[in-house]
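Residue strings, one per chain:
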Amino acid sequence: MTKFRKLGRPTGHRMSLLRTMVSQLVKHERIETTVAKAKEIRRLADNMGSLCAARRAAAFVRGDDVLHKLFTELAYRYKDRAGGYTRLLRTRIRVGDAAPMAYIEFVDRENELRQSKPPTPQPPQRPPMDPWTRSKLCRQYAPPKEEKSSEDEK
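Residues numbered from 1 in each chain as written. Predicted model: local features only at pLDDT ≥ 70, side-chain atom pairs only at ≥ 80, totals over all residues. Heavy atoms only, no water.

Caption draft 1: Summary view of the pattern of salt bridges. Applying the stated rule across the entire model yields eight salt bridges. Measuring nitrogen to oxygen at the nearest pair gives 3.2 Å for the salt bridge that ties E105 to R30. One end of the pair, E105, is in strand 3 (residues 100-106); the other, R30, is in strand 1 (residues 30-34), and 75 residues separate them in sequence. Residues R87 and E105 are paired through a salt bridge, measuring 2.8 Å at the closest nitrogen-oxygen approach. (Salt bridge = Lys/Arg side-chain N within 4 Å of Asp/Glu carboxyl O. Helix = DSSP H or I, 4+ residues; strand = E, 2+ residues; numbered from the N terminus.)

Caption draft 2: Molecular detail of the pairing of strand 3. With five of seven residues buried, strand 3 lies mostly within the body of the structure. For strand 1 and strand 3, the ladder comprises five bridges, and the chain directions are antiparallel. If you follow R30 over to strand 3, its bridge partner there is E105. With six bridges joining them, strand 2 (residues 86-93) and strand 3 adopt antiparallel strand pairing. Counted as the bridge partner of I93 is P100 from strand 3. Between strand 2 and strand 3, which pair antiparallel and follow one another directly, the connecting turn spans six residues, one of which, A98, has a positive phi of 60 degrees. (Buried < 20%, exposed > 50% of the residue type's maximum accessible area, 1.4 Å probe, protein only. Pairing = 2+ DSSP bridges.)

Nothing here speaks to function; it is all geometry.
Structure, rendered in structure tokens:
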């Protein structure tokens, strides 16, 4: 059974809240909410990004315009990305109840709060060596072994 945050609400209210917030995130591409809600929204929004989840997304997201945007604009934008479609940025402490607030936004969009890091290049793959060549190279770079003679011990 997967673990999730209950957010101090009954199940129906919590699911309704999360459905609405994911829909608003897709529609506006950035929303401000509490950190706990943002972490739950991030889990759900990253699952909505996969195209294999079209039926689940259609059942979860509210609004036909939101669903259309999800599978046209956002699907095209993230076609080469394997995951990590959202970013969580902590912003401030809310005045009324001192709750930590955060922005949750889609990455690689216009007017980002923080630019995404460039992908790290993969090192080139070396062809595998046969064991004989490897042992010769190891002996070549290893320091020579010191031989103890019986005269040194006496």
